[in-house]
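Here's the letter readout for the chains.
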Amino acid sequence: MRKKFNLLIGIVLITALLFTLTGCASKDSKAVYPSKPVNMIIAFTAGGSSDVQARVVEKFWKKEFNNQPLVFDYKVGAGGQVGFTEITKANPDGYTIGGINVPHIVFQALSSQATFKTEDFAYIAQVVKDPLLLAVKKDSPINNLNDFIAEAKKKDGKMNVGIVGPFTAHHVGIFQLADELKIKVNPVIFKGAADQNVALLGGHVDAMLGNLNDVMRDLNNFKILALADDQRHPWIKDVPTFKEQNVNFKADIRRGFAAPKNIKPEVLQKLREGFKKICNDPEYLKEMEKIGQPAAYLSGEEFEKYVQEYTVNAKSVIEKYGLK
Amino acid sequence: MFETLSQLMNGFAIALAPQNLLFGFIGCLLGTLIGVLPGIGPTSGIAMLLPLTTILEPTAAIIMLAGLYYGAMYGGSTTAILVNIPGEVSSVPTALDGYKLARQGKAGLALSMAAISSFVAGTLSLLGLTFFAPNLAKMALQFGPPEYFALMVLALSVVVNLSGRSLLKGLISGFVGFLIASIGMDPMTGVNRFSFGNLNLMSGIDFISVIIGLFAVTEILSNVEENAVDVYQTKLTGLWPKLSDLIYTLPAMLRSTVIGFFMGLLPGCSPGVTSFVAYDTEKRISKNPEKFGTGEILGVVAPEGANNATTSGGFVPLMAFGIPSGPALAVLLGGLMMYGLQPGPTLFEKHGDFVWAVIASMYVGNVILLVLNLPLVGLWAKLCKVPYPILAPMVLVFSFLGAYSVRFKLFDVGIALVFGLIGWIMKKTDFPASPLILCLILADMFETSLKQSLSMAQGNPLIFLSRPISLVLILIALVLAGFSIYTRYSDPKKAAQMMVESE
Amino acid sequence: MRKANIIVASTLLALSIFIIYQAKKLPASIPGAGLGPGVVPFWLALCLAFLSALLLIINILNLDKYASGQISLNRQELISVGVIFLTLILYMIFMEYLGFGIATIFLVTFLSKRLGNYALWKCSLLGIVVAVVSVQVFRNFLSMPLPTGFLGF
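Values in this document were obtained by computation on a predicted structure and should not be read as measured data. (Residues numbered from 1 in each chain as written. Chains lettered and ligands numbered in written order. Predicted model: local features only at pLDDT ≥ 70, side-chain atom pairs only at ≥ 80, totals over all residues. Heavy atoms only, no water.)

With that settled, the discussion passes to the side chain of glutamine 126 of chain A. Residue and element names in this part refer to chain A. Here glutamine 126 shows up in strand 4 (residues 121-137). For glutamine 126, a relative accessible area of 1% translates into the label buried. Within the structure, the side chain of glutamine 126 is placed 2.9 Å from the side chain of arginine 254, a separation counted as a polar contact. Sequence-distant contacts of glutamine 126, defined by excluding residues within four places in its chain, comprise Arg254, Arg255, Gly256, Ala296, Tyr297, Leu298 and Phe303. (Helix = DSSP H or I, 4+ residues; strand = E, 2+ residues; numbered from the N terminus. Buried < 20%, exposed > 50% of the residue type's maximum accessible area, 1.4 Å probe, protein only. Polar contact = N/O pair within 3.5 Å; in protein donor to acceptor, adjacent residues only side chain to side chain. Contact = heavy atoms within 4.5 Å.)

With that settled, consider a nonpolar patch on the surface. Residue and element names in this part refer to chain C. Nonpolar side chains collect at one region of the surface, where Leu86, Ile89, Leu90, Ile93, Phe94, Tyr97 and Phe106 lie side by side and expose about 680 Å² of accessible area between them. For the nonpolar patch, the element with the highest residue contribution is helix 3 (residues 75-98), accounting for six residues. Following the sequence through the fold, leucine 90 ends up in helix 3. (Patch = residues over 30% accessible without salt bridge, like charges linked within 9 Å, V, L, I, M, F, W, Y side chains within 5 Å. Areas by Shrake-Rupley, 256 points an atom, 1.4 Å probe, with all protein chains shown as cover. Salt bridge = Lys/Arg side-chain N within 4 Å of Asp/Glu carboxyl O.)

One face of the sheet, then the other: side chains in a regular strand alternate in exactly this way. Residue and element names in this part refer to chain A. Across the 17 residues of strand 4, 16 count as buried, placing the element largely inside the fold. Note: strand 4 against strand 9 (residues 252-260), nine bridges, orientation antiparallel. Within the sheet, the bridge partner assigned to phenylalanine 121 lies in strand 9 and is proline 260. Where strand 4 meets strand 10 (residues 295-299), three bridges bridge the pair, whose relative direction is antiparallel. Counted as the bridge partner of alanine 125 is serine 299 from strand 10. When strand 4 meets strand 8 (residues 222-227), the two strands line up antiparallel, connected through five bridges. Note that in strand 8 the partner of leucine 133 across the bridge is leucine 227. (Pairing = 2+ DSSP bridges.)

Residues and elements named next belong to chain A. Of all five residues in strand 1 (residues 38-42), four are buried; the element is thus mostly enclosed. Both strand 1 and strand 2 (residues 70-74) contribute to a ladder of five bridges, which runs parallel. Residue pairing across strands places methionine 40 opposite phenylalanine 72, the latter belonging to strand 2. Considered for its hand, the β-α-β crossover made up of strand 1, helix 2 (residues 49-64) and strand 2 is right-handed. Of the pairings in the sheet, the one linking strand 1 to strand 3 (residues 96-102) comprises three bridges and is parallel in character. Following the sheet pairing, isoleucine 41 is matched in strand 3 by glycine 98. (Right-handed = clockwise from strand over helix to strand, strands pointing away.)

Omega for the bond connecting valine 102 of chain A with proline 103 of chain A falls within 30 degrees of zero, at 10°, which places this linkage in the cis form. Within the secondary structure layout, proline 103 of chain A lies in the loop between strand 3 and helix 4 (104-110). With a phi angle near 55°, phenylalanine 167 of chain A is a residue other than glycine that sits in the positive phi range. Residue position: phenylalanine 167 of chain A is located in the loop between strand 5 (160-164) and helix 6 (169-181). Although it is not a glycine, aspartate 430 of chain B sits at a positive phi angle of roughly 70°. Within the secondary structure, aspartate 430 of chain B is located in the loop between helix 19 (410-428) and helix 20 (434-456).

Next up, the structure:
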């Protein structure tokens, strides 16, 4: 009974502590941005990869931004479209920013049910570039890209390749890759990387076009055939790129941050500089490696340029493969 | 085996350290509260507490979040039994019999049996998690899209048994549930269905708002007239179960543990599904199936045991492959990632202390929850005595908070309201609500796995019959559904009895 | 009950025909995605149409043995339900413009007064207590972004 009583006191104390912690908003100094907490819109569920990455940024945020906290706001739904739309429609006072994903925003902006355009964002920075890769199960008879091509030819279009889709880098990528390799495969769409990985491990699909971030969780169970990037990645040094094997295939998923387009230029500048500092902090890079997300900083201008280029590219790809 | 045991003992040493014990307790307590509040489930609970992980050390934080998850399963039954408003999806079947028991003055018995069943099932399935996790995880991998589809068909065969008087009305209710689920973006083609350009509809209708509407709001609307209020004047009898009650329910607890645990191994099988299946199983094998729906204690024990077993089962794929088996565990996985703890086999190698401490804390947590919940039974049961006009507005406020917590949009509150009215009409016209809920929960996986399977087989539907596991599951489903329909029509006397009493 | 069944069945029949029509309008499949988006809803709606037509016919021909009972519904109950439902809609609107706390005070006070007919001060006290507690716990402790309205409560 006594012990329980002590526990009770403990809980009351902790609750009280938490109340005070949350109640202590810092004093504002008017002129400098930010003078109050900044809202961070996350378009995917709490605990998802986008959220986890943004939480790492949060750890370094206060140092760069006047000691003001970030307030997370999850606007989940329709493959991120709800949250992305929410960012473009927010008050452009600099107190609402959000996480964006490429190519998600590009495909959604090109879709017939678009609710925003890629020009509606003011790009702050790119923080992650997660390259795609072609992987099979550890005990699969396929050992390299040539085996994969041979197997696909043998199965004559009936080889199942798991992708995360639809209208994603994977979905478009599988068509491009099949074209490059001059083979036919049968894509099977999964809702997320988790289902896709299970299906591969259980042998329900023959191969998968996945992400570096997702296979990092369980490298021992996969055999990675090729990486869709310019250079090999330091985390998987012995995996060759497609380029090394004379296949012109490059694809990735990128995460970044953006604000609504009409934001004041000086505020945007402040945000871009702050993110630049955060992204070059060695401590931050260490944290990113811990969460298994390949950090790759691009400034807001470069990121915007990349999105524009990608959009042009995507338009022709969508037309070519009839993905409308 | 011995090695496992010694690691588990080490885990206990860490889990019982005062700080971890305290956070485990806080997790369990918050979980119970979150479970009790209608609509606010473990998913939003964990999500809301996730920021705390930035200040706590990993072991304590994950122990707390895990405690919150299975604590919510304990708490979900409370309001289901007392006021016919399930605190979680997984407690929807509990309400069917639990509320009847409460009306008969046996709220105490129902509540304490729910807690005991949760404890038994939770602890037993933890043993499964402790000793067989890697092997079991391999077994779960045998399930590909066709097997999931077959499993969904099996779960759907439950609908036949959930339809009260009229099978026709039960089926209609189920199909409506299915169609509600198809609103929003189709996960396989990215096309928006029935959303008419509305961004809120594009993200779909969340089943939490539907449940809050059909149960909480409907319950209040149905009780606006005085006549329903005197329910709460019934004298409370038998707060504690007798030994005979325990002996009577023990087999059901064991069966639902097995069902809940093994289904819980499969990613995508949420506690909401397994508790329905466990309820149905008990009803099928019972000698007196007509008693179900009239206040049968087995109808409380089975779902409550199953949902707790499922929570432990769900940790198997999470720890073995880093694959969350449901939304709540997906958020928990995010918590692990924030600490840089990559789940998967390497987690056991690199952070063995941590993993075993969390597993050990779950044993401790189950004891804490039992100790926490049994004394509360008396208190909760007294809640029946709170005058209805005071209780009702509070229930409504918390329900709305629950609907709002899904996406932080008033749209979801509106959906709950609309379904409150629909539920009231359904109640008046004798349409059962549980088939709608069940189909709504299952629809997404049903459609996704159907499409994936057909895509895997280039459109050939024979894939479901050519794979042994899916063939067996589909056959079982057909036999069960056929059997229920047969008894419904071949034995009119029993059927009639069932219909009169299952009111 | 028979009349109610007929009304519900015809509504559902109309609804399912509308869904069939809408599902047919959905675009055909996209490459690599198997069945198109409209296929499953189409078949579901078709089944629903069949079942509700069945219910309609059974009740028109008066073959439904369970439909004999009278539905317990009187004017007074209908009014009470309508009032509560309207209150809840108002609650939602209030929540958006006045803030969660104030809307909650109004709702709880009004409902406990209407359902229980206690003294007004008791009802408003209950309202204030419920509002303050839920704002403290959900907005301040769990940092749930509850609507604040212009008064910030």
